[in-house]
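Coordinate analysis (summary)
Listed below, chain by chain, are the residues.
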Amino acid sequence: MAGVEVPIILAAVGWVASPLVAKLLNEGYLSLGINAEKKLEKMRDTVLPVLKSVIEKAEGSPHRSEVEGWLQRLKDAYDGAEDALDRLNYDRLRRKAKAAARSSSGKRPSNNPVGSSSFFRIPKRVKWVIKGGRDMLSPRKIKLKVRLKKLKKIAGEAKELSTLLGAQPETADSRQTISVPPQRVFGRDEDRDEIIRRLKIEPPAAGVPIPIIAIVGRPGVGKTTLAQYVCQQLRTELGDRQHFDLIMWVHTSCNFNAAGIMKDIIQQASIASEPQDPVAPDDQAVTILTHLSNLDTMVVGNLDTPEALRLKMNKKLNAKKFLLVIDDVWCDGEDRKKNWDALFRCLSKCCCLPGSKILVTSQTDDAPRKIAAANAATMEHILHLKDLAENDFADLFNEYALPSGEFDSHLREDLKKKCKTIAAKLNKDPTAAKMVGETIATKLADLLRSQGNLHAYLETIADKDWSGDKTKALMWSFRHLPAHLQRCFSYCRLYPRGYKFKALELVQLWMAQGFIKPDDPNERVEDAGDGYLNDLVSRFYIQCHNRFRRSSGTGKPVCYYTLHELLYDLAEKVTRSDCVRIEGNRQSEIPSTIRHLCIPADKLNEKKEEICKLKKLRTLIVMEGESVVSDENVATTDTFKSLKKLRVLQVSGLNLEKLTRKFISEMKHLRILRVSGTGESVLLVAVSTLYQLQVLKVENARPRAAHLTDLVGLRYLQPSGIAEIGNLTSLQGLENFQVRKEKGYELEQLKNLNELRGRLCIDNLENVESKESAIAANLKEKKHLDSLQLVWRDGEDNANSNLDAEILEGLQLPPNLTSLYLDGYRGPSWPENQTSNIQELALRRCGMLEELPPMDQLYPYCRSLELQHITRLKAVHTLPPRLRNIAIFRAPFLTFVTNEDLQLSQDDKRSIREVMRNRTQEWFRHQYKEDLAHNEREMRDFIAAMNGREHNKSVPAADADIAAVWGRWLATHERKTELIYNRQNEAKLLLPSTITRLRLEGCNITDHALSVCLQNLPSLMQLLLADLKMITRLPSADVLANLKLLQTLRLSDCWALTSLDGIRSLRRLGNLLLIGCPCLDTETAVLPSSSRSILFESCADVDVILAYANLQHLSRLTITRCRTRTASLQFCNLRSLHSLSIRDCSGVSFSVDLQELHSLEYLILQNCSNLREVVNLPRSLKRLGIRGCPILEESIEIDPLSGRRMLNGIPVEDSFEHAL
């Protein structure tokens, strides 16, 4: 075992034996004002070249222990010098802050050249520095100089060790980054095809547990790659060939829990139901399905009980055929068994479609077999993944070691022979092939440029022994990694296994530890950190994944990063003496040497004594534990008071009220403070003297006075309502700025914050009093901002409309802006000084705008346009040519009408006006009087504007009888309809053919205008029409047939809609929602046969509509607040129906006949007071929920043995809030 540990120990601290020592010495001497270039040049010539060779020679040497001791002393000296330099920088920032405070207060600085407190505390041994003047008398500088001298002395010992070991100096090579080669999978096509074939085998009968297929093999053999290869192939299937509705991927860490996996499943199912195209972030009515999906993504973190998670997961997987991939399954230990049991019991209750499958990867077949047996699931197949064939593995290795394009064909073939020898020693491990191959490729490229001996280098590598430990090859590659990348990679050990991290959070941690040293002094540290991260990705130490989600509404990908299983093992080994992560119930010791610690909150008290001894600790991450920690159980002050060297403090699940100002203020080196669940006292006052702080994020803390204005190095801040924030000129992350009519909160505070980037919301702009203040905000210089939201809070009042226009003009938007949101803007005109780079534009509550300028000229690159609550908007002119998403919501004056409409006969106009009066005799009773009165007021305003009169300020009475309110509403609607059809000129809504999503709600559009709008939209995938009272029929089949990609159609509150006309021509329509359409002609409402999910809500004669339907693919049907014409609700031609819900149907007495529903597994009957009976319950039924059906519930019996409610032998549930 010792032979294995040796290189690990050397590698763990080997980074310090590198040019990083010279860099630190140079920084230290420069801070002291000492020119040490000659000394450092000598060190670069004599010491640095032998450092690396000393470590390599030590591996097999009897002097190994001496080298290890030297490395540890060198590392301690490095950290000591770094701490001293850091403290010196802190003192400089403190003096600068105090000088600024004196200057602002009018006090004169002291003329005393030597402060008495400094003068009389000079150590005797350094009296010689007095001649250097006052500045040299600082104890901090003395301490730094002593530590630099110690570091230089220990580093110089490398020369003696090199002589002892016979190590020869290496020639310094320039680091060359190799681009990532094409991602290819070798030798796994047959395995992939076999897995896919088995995944597509349908179960012999409905109601069986979800089958499990397992891929089993040793670590690194390629199990995860094969599973990804399978998913990739399945996702390429289109249309009818698509076998699974949903493919989900979860990774199980060593300490996984069922709740975490269920949350992951819910989130992935929610993301899968999102539209693939840009959608406005606050659009709350996409469709019921996408609305709930987005909501799920936001609130899933708040579901903290197993039952709530189970119900939510059931809802997301209901009526779907899914593939769930569970990567890296283990089933040892009682905790894991319990969690697997909980997860699979929940999955077994899901009402998914037959054919759903679970694919797992595991190192042994024992784990998947145990899981399947414990949950009565079918272990359908176990694929024991063998090593790649020798030639396939050699090809894989050559792909990385000898990238195409670097060598001519003859040389490449010659080098392949040596590479084949090396490949044979890598245990056919694909991960090792990537890592070692890329390292060799880098060296070969250098040798090729310098005309070095490529064959001799490969001969040396081929002679190495990498048998045994799987990480040996990776360790060899790690030792050849540049020192700065070694430190950065090792730090990833703090994350849990399988954790998905974002680039910025990791780069911020690297910054805090001082790992990032830009070569260019003008380069932003974060940009240099991104370069480090990309370098690690290109070398395969870190994996990058792209997930296309609605990040900013422009379809930009969201990237996240992970560590491969074997590389996480490597990180664990090389940080064993430096980094500890305590998880679950594992009993882990905390060595006194460690610098970085991650610990659950409920373990703090248990480990308090050990933590208090960690004087050199630089990172402390306290995560939420498995149990809630009370304030009495954690002696916070005692635990934290000795941790004065911390660079990073992140605390979750712990109240830090006891972490008093005294101890927070002692953490002079702190760069990152992230706290959730703390009191306000920790924030602002306590951190006001942490001058090196870069990231401050404290949740649930209200902003106070200007306590942070001295923190000039602060780069990321939450909360943002800090007075005098304009002093924080280094700020890069500030998502919200609230303008107040108070000193220190003026808009001018933004003037010098030119490093802001990403997203910024400027709120309460009604408090800005002049255009000059807007100009002074200097937005035009904020070149890194890409998303800007401008908000006025006092609604649509036109009192300051001209001032708003001046302010918007004065703001002079950032030049690189891609997303712009205007909310509450009251200006009557549109400013001309807009940037043309906008890709996403949203206008909300802009109450004085009557028309928009030519959008195709102002915003040629815009892809998403939202117009919401623009109550006076009358015209929309030419739209951007690349537009993909448009939403018009609550624009009651906006009218679209064609010449064909204007030429209708009086009889046609009369029939259109009267259609609702004749068909809604029962409907109006179900409406809310307040909504009708509000809508009536909008129509009155419209009529007044059309007639050239002022808007009517009076509010229609809502306290009258509902019949009177409804009659008055009808009369007003008919007057409005007549005015629209008597217009002089047409106004069409002409959309570019690039549109993929269209939402029209609360505006005026006629039948012909809607046909013109839809006739040339071949890319349209979602069509959402709501509150369009003028529409009487959908366009013809000739028009709708052009919507070849339409998948979702929602018709809501279209009260005059009588015919669905050409809806049958929508061949790919999967989701249909009919809400509040009471006038549908049942004889013409023939639904498309492609529908998989249908919702009827507040519609009439649903039973007749379903009787005419041929819905062979329908799997989910929901009927809510609807009326039936007959006394029996029957379902014919619905053989695929999987889920049926009937709610709030309290009309005439009726029964439900389920005779034809042979695939039905999920039935909910709720609040149907006149439902008499349910007949022919199918055998396939898994869950039956009944509540609020008093007549039907009289037939329910109580089982004498179980005490459960039963109907015809089937258990009845009465709790199903989250079921659908």
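Residues numbered from 1 in each chain as written. Predicted model: local features only at pLDDT ≥ 70, side-chain atom pairs only at ≥ 80, totals over all residues. Heavy atoms only, no water.

Filter applied, for reference: UniProt positions are given in the numbering used here, feature names are shortened, and annotations may be inferred rather than shown by experiment.
By the naming in an unreviewed UniProt entry, the protein chain goes by Disease resistance RPP13-like protein 1 and is assigned to Ananas comosus. According to the UniProt record, the Sequence similarities (unreviewed entry) comment for the protein chain reads "Belongs to the disease resistance NB-LRR family."

**Notes on the sheet that holds strand β34 (residues 1171-1175)**
What counts, and what does not: At least two bridges found by DSSP between two strands is the condition for calling them paired. Under the scheme used here, helices are H or I runs from DSSP no shorter than 4 residues and strands are E runs no shorter than 2 residues, and both carry numbers assigned from the N terminus. In this description, a line fitted to the C-alpha atoms serves as the axis of each element, helices being fitted only across the stretch in contact, and the angle between N-to-C directions of two axes falls anywhere from 0 to 180 degrees.
Strand order in this open sheet of 3 strands is β30-β32-β34, and the pairing throughout is parallel. Taken across any chain shown, the strands that pair with only one partner, and hence form the sheet edges, are β30 (1128-1130) and β34. The mean inter-strand angle of the sheet, taken between neighbouring strand axes irrespective of direction, is 20°. Pairing between strand β32 (residues 1150-1153) and β34: 3 bridges, direction parallel. Along β34, the bridge assignment pairs Val 1152 with Val 1174.

**Structural notes on helix α12 (residues 306-317)**
Stated formally: Given a helix with a known number of residues, its expected span is that number minus one, times 1.5 Å. Between buried and exposed lies partly exposed: a residue is buried under 20% and exposed over 50% of the maximum accessible area for its type, with that area taken using a 1.4 Å probe on protein chains only.
Taking 1.5 Å per residue as the helical rise, α12 with its 12 residues ought to reach 16 Å, and the 16 Å between its terminal C-alpha atoms agrees with that figure. By the criterion of burial, α12 is predominantly enclosed, with 10 of the 12 residues buried. Within the span of α12, buried status applies to Ala 308, Leu 309, Arg 310, Leu 311, Lys 312, Met 313, Asn 314, Lys 315, Lys 316 and Leu 317. Following α12 by one or two positions, Ala 319 has its phi on the positive side, about 60°.

**Section: the environment of Arg 1116**
Topologically, Arg 1116 is positioned in strand β29 (residues 1116-1120). For the pair formed by Arg 1116 and Leu 1140, sequence separation is 24 residues and the distance between their alpha carbons is 6.1 Å.

**Focus: the sheet that holds strand β4 (residues 357-362)**
Spelled out, the test is: The criterion used for residue contact is that any of the two residues' heavy atoms lie within 4.5 Å.
Taken in spatial order, the 5 strands make up an open sheet running β2-β3-β4-β1-β5, and their pairing is parallel. Two strands in the sheet have a free side with no partner beyond their single neighbour: β2 (246-251) and β5 (379-384). Across the sheet, the mean angle from the axis of one strand to that of its neighbour is 15°, orientation sign disregarded. Strand direction decides the pairing type here: β2 and strand β3 (residues 322-329), joined by 6 bridges, are parallel. Bridged to Leu 246 within β3 is Phe 322. Contacts from helix α14 (residues 366-374) reach β1 (212-216), β3, β4 and β5, with the element oriented near 175° to β5.

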